[in-house]
Protein chains: 2
Amino acid sequence: MREPTNHNGKATAQLELPGNSTTMKESFMSGAESLVHTLVGSGVDTCFTNPGTSEMHFVAALDRVPGIRCVLGLFEGVATGAADGYARLARKPAATLLHCGPGLANGLANLHNAKRAHVPMVNVIGDHATYHRVFDAPLTADIEGWARPISVWTRTTRCAKTVGIDAATAVQAARNTCGIATLILPSDASWNQGGSPAGRLPIAPPLSTAPDTIAAVARVLRSGEPAALMLTGTGLETDSLATAHRIAAVTHARLLAPTFNRLIERGRGRYPIALLPYPIDHAVAALAGLRHLILVGSQEPVGFFAYPDKPSLMKPNGSIVHVLARPEEDVAGALAALAAELAAPPVPPPPASRPEPAHGPVTSAAVAQTLAALIPEQAIIVDESISFGLGFYPGTRDAAPHDWLQLTGGAIGGGMPLATGAAVAAPGRRVINLEGDGSALYTVQALWTQAREMLDVTTIILSNRKYAILELELANVGANPGRTALDLFYLDSPALDWIRLAAGMGVEAARAETLEEFADLLAASYRRKGPFLIELVIP
Amino acid sequence: MREPTNHNGKATAQLELPGNSTTMKESFMSGAESLVHTLVGSGVDTCFTNPGTSEMHFVAALDRVPGIRCVLGLFEGVATGAADGYARLARKPAATLLHCGPGLANGLANLHNAKRAHVPMVNVIGDHATYHRVFDAPLTADIEGWARPISVWTRTTRCAKTVGIDAATAVQAARNTCGIATLILPSDASWNQGGSPAGRLPIAPPLSTAPDTIAAVARVLRSGEPAALMLTGTGLETDSLATAHRIAAVTHARLLAPTFNRLIERGRGRYPIALLPYPIDHAVAALAGLRHLILVGSQEPVGFFAYPDKPSLMKPNGSIVHVLARPEEDVAGALAALAAELAAPPVPPPPASRPEPAHGPVTSAAVAQTLAALIPEQAIIVDESISFGLGFYPGTRDAAPHDWLQLTGGAIGGGMPLATGAAVAAPGRRVINLEGDGSALYTVQALWTQAREMLDVTTIILSNRKYAILELELANVGANPGRTALDLFYLDSPALDWIRLAAGMGVEAARAETLEEFADLLAASYRRKGPFLIELVIP
């Protein structure tokens, strides 16, 4: 056997391969088997998949080589969105296994969201045998062309021998950049013998912010001019938020997060942070009066869309943008260095009291209050509630400690798959998925995977039977809806019956028409193993 | 107003604009309005859509300018697959209206199928305002990069003034090539004034086959050496098939179609044609002994996939491939010229007798026989039955005259959208959609559109609760399934309940466990207005 070497130049002849205590004989291993060995050896132990014919040897290898949990989705967008949710909680990449160009295409929208979340992921896309591509069989497509826009790394492996090293490089690329690596696997590279597993490749630590930058930002903050820190990524984990609150306490800088984020650690006893509002006028108002905007792992805030006669950039005229840390840099380290430079002492989190469930009409604020009362300890909230849920985040500030996951790329249909993957990554924690009814239908097949894997996901469908966001946006762009437009916004003819849809995919469900019914069903869902769906009727 | 000219150089100042009897004033028309006027003027009167914010001005323009029927899908793959089905029946392009890169991405798989079907289609993809793209807002994506692999023509229009001419060019490109034209519409090009509708641009007739080629193919056929004509596209319409049968009668050439085709006109009183079998060994056997393979609008037959130790090309060694007509050429004309060269007299279609419904166990052959007995006159069959339905096509040869539509690109999830679009294009004709249960779930949202539009679609779910094709393919590639593989093939934990899924989207449904129940439900579905779904339980 050729001894694979890792990037440190060390021979790894005694590479430990899961499920096989002896050194591998190259001639007895297919490319597919070397792929499984390499993934497992590189720390990838979960694969979200919707496989097809060209992936059959990889599937067969999964039988022979233990160490990877396979989670089946009945549509590829479930698999890619779940890999995103998994990575947000597990802080490491899952693999996806998808079938040829169309299989990748079906997963692209949630890969777009994952790219915007800066999560690591390794796509394995099966393709025709290398010698078969030239014949342009029906499934032949430009896989690399479709993959590149969402990938930090894209490669078509050449043969069985290269599968191992290419897979190890894919994992490395995904982990080094918190991005998506796409490995295209021709079926002959998969089925041929000659596979050679590669060892885990090293990961570079994130770059640190230069001391000069720390000092410069500290000077800005000490100036007393109105300033805000805009944090995202690891900047929204508890330690970073605690540091940010220390900085705010000594400088009076405001703390803000972008409207949409990968994961926010929050709740009672943690350090709260406000989100930049979604409506453009509110966002501009939220930044009004600022002289300095300090980016901590975030981009400069821009309009989610452009609107006639409204600005693209939200910062006030004359304000100055400073970069404390780029998304790929050491955000927590930069915050710690800044706090040290400012000699900012620790501060306790603000006091918070446990909210009580709301009563009365089913309004957005009342639903938020009930959620705040009933979110269980260490819950994972996946928020794709769109229009009706704009107030959910502020309204749940004082809930029990929980993680809040958002749709980062604006590609609707991320919520249910995110919830699925988060539940796979974090067994024992309740996942609560807040879904607009329009959004929920895009990737509704995720419910089946939740039932199959008995995942502890409570899905709340906010059933207003319309694309309410489009009504809002039509007004934002200054147009008045007529009959045709209204017909495209309303989903009430026929109305979607979420109880039956869920049951059709094996998920028990019930309808709530009052806040009290909603609270009862929510609490009941926590007491059961596996998924449950609540259709909350919005009047 | 600047007078738009058409490609013949004629001024079209008096261009007739639907919904507005006077000549347009340029300064009073938005880019979006000019787009609607241009589409209507170019003969596009149907738009399958799932719009978002960036499309709101186009949606508002649809209110102000009559002439386009908008059909809403709750997932973009429904819209693109429906536009494919529409084009197959209407023989002209529909438009799609999709939201930014992710909206296009969700429609790509069925655009891949449509590309392989050689149908005309015009995609309108909304995007950020031109000046907003540079800010990399969350939905920003490489729309052109994703569109090009499935488009014959891709363009991002620059401003309101260019929208009209670009839209007319898109329709022309789609119609000239029977391909997909993708027009990307920045929102400011849509909302700004200055739109100028363009007149319908001319379409070139398809190229004719050279007389030398006709004569050469005639010599081959007269040689008496074993030969087959492989027909697809317009070659599978009744007139072409009648001509092909004349040629076959005087030359003893065999007639074959590829495994997957856009549309086949067939049934009692029409001219039958066999399909190349899907399983590779059967396909090779079907072509064994041939000396000449004559392509009539088709590609050379190749394996749908490569398999270890099996050929990619299916023709016998030593056989010769001749091209009578390429897909974009005049297939019917080439056949007529060849028949004339061969002095082939008309032949009647073969006799056929009406089949009777089958009884006994629910086998593939028995279901085919019942279908053959009960397919109504002028029905449209959409076949995504995959493994269980491999015998449906041969088994329904003697059914009442009908059209048979297939999944041309191998991207699973085409069937339900195809059925939806076909029903929109052909009101008054019953559409029967044969769906594997695995396939059906990919784009299941199409059922809602069928209910909303009251489309006469009978969906038959062949419920075997597994990806049976993968069992078959795993065997084809020589691998044995273990526990992991089997877990990825079986959809029975939990089982999908198609009655509830359909009801959840507003489509009435019933389950059949015997052939007699199946026949009763099938016949009953024809007597009602609107969609119906039958879950046929495969034992």
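*Asks:* Is there a simple way to explain the overall build of chain A in this structure?
*Replies:* The helix and strand tally for chain A stands at 20 helices and 18 strands. Computed over C-alpha atoms, the radius of gyration of chain A comes to 24 Å, within 12% of the 24 Å expected from 2.2 N^0.38 for 539 residues, which places it in the range of a compact globule. Structurally, chain A occupies a C-alpha span of about 65 × 60 × 45 Å along its principal axes. For chain A, with 539 residues in total, the buried portion stands at 65%. The contacts in chain A between residues at least 6 apart in sequence include a share of 79% that link residues at least 24 apart. With an accessible surface of roughly 17,900 Å², chain A has 53% of that area assigned to carbon and sulfur atoms. Considering chain A, the positive charge centre built from 42 side chains and the negative charge centre built from 48 side chains are found 5 Å apart.

*Asks:* How should the nonpolar core be read in this particular structure?
*Replies:* The nonpolar side chains of soluble globular proteins are, as a tendency, buried together. One finds A:Leu35, A:Trp498, B:Leu35 and B:Trp498 to be the most contacted residues of the largest nonpolar core, which totals 162 residues. Counting residues in hydrophobic clusters, the runner-up holds 78 residues, among them A:Ile180, B:Phe48, B:Ala147 and B:Ala426.

*Asks:* Help me out: how do you make sense of unusual backbone geometry in this one?
*Replies:* Among all residues except glycine, the phi angle is most often negative; among peptide bonds, the trans geometry is most common. Residue and element names in this part refer to chain A. Going from serine 493 to proline 494, the amide bond is cis rather than trans, its omega being 0 degrees. With respect to the element layout, proline 494 can be found in the loop between α18 (483-489) and α19 (498-504). Although it is not a glycine, glutamine 378 sits at a positive phi angle of roughly 65 degrees. The residue glutamine 378 is located in the loop between α12 (364-374) and β13 (379-384) in this model.

*Asks:* Looking at this structure, I do not really get the confidence of the model for chain A. What am I missing?
*Replies:* Any region with low pLDDT has predicted coordinates that should not be read closely. A residue-level look at chain A finds 95% of positions with pLDDT of 70 or above and a mean pLDDT of 93. Every residue in residues 1-26 of chain A scores below 50 in pLDDT, and together they form 43 contacts with partners more than four places removed in sequence or on other chains.

*Asks:* Just to check I follow, could you spell out the sheet that holds strand β13 (residues 379-384) of chain B for this structure?
*Replies:* Within a sheet, adjacent strands bond to each other through the backbone by hydrogen bonds, running parallel or antiparallel. Residue and element names in this part refer to chain B. Pairing within the open sheet is mixed, and its 7 strands lie in the order β9-β14-β13-β15-β16-β18-β17. In the strand order of this sheet, the two ends are held by β9 (264-266) and β17 (509-512), each with one partner. Sheet twist, expressed as the average angle between the axes of neighbouring strands with direction ignored, equals 20 degrees. Sheet analysis places β13 next to strand β15 (residues 431-436), joined by 5 bridges and oriented parallel. Considered in β15, the bridge of glutamate 384 is made with glutamate 435.

*Asks:* Help me understand the packing of helix α12 (residues 364-374) of chain B against helix α20 (residues 515-526) of chain B in this model?
*Replies:* Residue and element names in this part refer to chain B. Contact pair α12 / α20: the axes reach a minimum separation of 11 Å and the direction vectors enclose 30 degrees. Relative to α20, α12 is oriented roughly parallel. In this structure, α12 meets α20 at a crossing whose hand is right-handed. On the side of α12, the interface is formed by Ala366, Val367, Thr370, Leu371 and Leu374, while α20 contributes Leu515, Phe518, Ala519, Leu522 and Tyr526. Classifying every residue of the contact of α12 with α20 by side-chain character gives 9 nonpolar, 1 polar and no charged.

*Asks:* Looking at this structure, how should I read the pairing of strand β8 (residues 254-257) of chain A?
*Replies:* Consecutive side chains of a regular strand alternate in pointing toward one face of the sheet and then the other. Residue and element names in this part refer to chain A. One ladder, built from 3 bridges, connects strand β7 (residues 227-231) with β8; its direction is parallel. Bridging from a neighbouring strand, alanine 228 pairs with arginine 254 of β8. Between the parallel pair β7 and β8, the chain is carried across by helix α9 (residues 238-251), and the sense of this crossover is right-handed. Bridge count between β8 and strand β10 (residues 274-275): 2 bridges; the pairing is parallel. Bridge pairing links alanine 257 to leucine 275 in β10.

*Asks:* When you look at the interface of chain A and chain B in this model, what are you seeing that I'm missing?
*Replies:* It is common to give the size of an interface as the accessible area lost on bringing the parts into contact. Contacts between the two partners involve 91 residues from chain A and, on the opposite side, 91 residues from chain B. A buried area of about 7,800 Å², summed over both sides, lies between chain A and chain B, and 66% of it is on carbon and sulfur atoms. Interface area lost by chain A to chain B is led by A:Pro138, A:Trp146 and A:Leu488, which between them contribute 9%. Connecting chain A to chain B are 2 salt bridges. In this assembly, chain A and chain B are joined by 41 residue pairs in polar contact (both at pLDDT 80 or more). Classifying every residue of the side of chain A that touches chain B by side-chain character gives 54 nonpolar, 26 polar and 11 charged.

*Asks:* How should I be thinking about the side chain of A:Glu384 in this particular structure?
*Replies:* Residues and elements named next belong to chain A. Its place among the elements puts glutamate 384 in strand β13. An unpaired buried charge is present at glutamate 384: no salt bridge exists, and arginine 88, the closest side chain of opposite charge, is 9.8 Å distant. There is a polar contact of 2.9 Å between the side chain of glutamate 384 and the backbone nitrogen of glycine 415. Beyond its immediate sequence surroundings of up to four residues, glutamate 384 is in contact with Leu407, Ala411, Ile412, Gly413, Gly414, Gly415, Met416, Leu434, Glu435, Gly436 and Ser439.

*Asks:* Explain the relation of the copies chain A and chain B here, please?
*Replies:* The relation between the two copies of this chain is a rotation about an axis and a shift parallel to it. Superposing chain A onto chain B takes a rotation of 180 degrees combined with a translation of 0.0 Å along the rotation axis, leaving an RMSD of 0.0 Å. Those values place the two copies in the arrangement expected of a two-fold rotation axis. Interface overlap between copies: 100% of the residues of chain A at the interface are likewise at the interface in chain B, consistent with a symmetric, same-surface contact.

*Asks:* Can you help me understand a negative patch on the surface in this one?
*Replies:* Residues A:Glu513, A:Glu516, A:Glu517 and A:Asp520 make up a contiguous surface patch of negative charge. Relative to the helices and strands, A:Glu513 is located in the loop between β17 (508-512) and α20 (515-526).

Rules behind the numbers
- Residues numbered from 1 in each chain as written.
- Chains lettered and ligands numbered in written order.
- Predicted model: local features only at pLDDT ≥ 70, side-chain atom pairs only at ≥ 80, totals over all residues.
- Heavy atoms only, no water.
- Helix = DSSP H or I, 4+ residues; strand = E, 2+ residues; numbered from the N terminus.
- Rg over C-alpha atoms; globule rule 2.2 N^0.38 Å.
- Buried < 20%, exposed > 50% of the residue type's maximum accessible area, 1.4 Å probe, protein only.
- Contact = heavy atoms within 4.5 Å.
- Areas by Shrake-Rupley, 256 points an atom, 1.4 Å probe, with all protein chains shown as cover.
- Lys, Arg positive; Asp, Glu negative; His and termini not counted.
- Charge placed at Lys NZ, Arg CZ, Asp CG, Glu CD.
- Core = buried A, V, L, I, M, F, W, Y, C linked by side-chain atoms within 4.5 Å.
- pLDDT = per-residue confidence, 0-100.
- Pairing = 2+ DSSP bridges.
- Axes fitted to C-alpha atoms, helices over the stretch in contact; angles between N-to-C directions.
- Parallel < 35°, antiparallel > 145°, perpendicular 65-115°, else oblique.
- Left-handed = near helix turned anticlockwise from the far one by under 90°.
- Nonpolar A, V, L, I, M, F, W, Y, C, P; charged D, E, K, R; others polar.
- Right-handed = clockwise from strand over helix to strand, strands pointing away.
- Buried area = accessible area lost by both parts, 1.4 Å probe.
- Salt bridge = Lys/Arg side-chain N within 4 Å of Asp/Glu carboxyl O.
- Polar contact = N/O pair within 3.5 Å; in protein donor to acceptor, adjacent residues only side chain to side chain.
- Least-squares fit on C-alpha atoms with pLDDT ≥ 70 in both.
- Patch = residues over 30% accessible without salt bridge, like charges linked within 9 Å, V, L, I, M, F, W, Y side chains within 5 Å.

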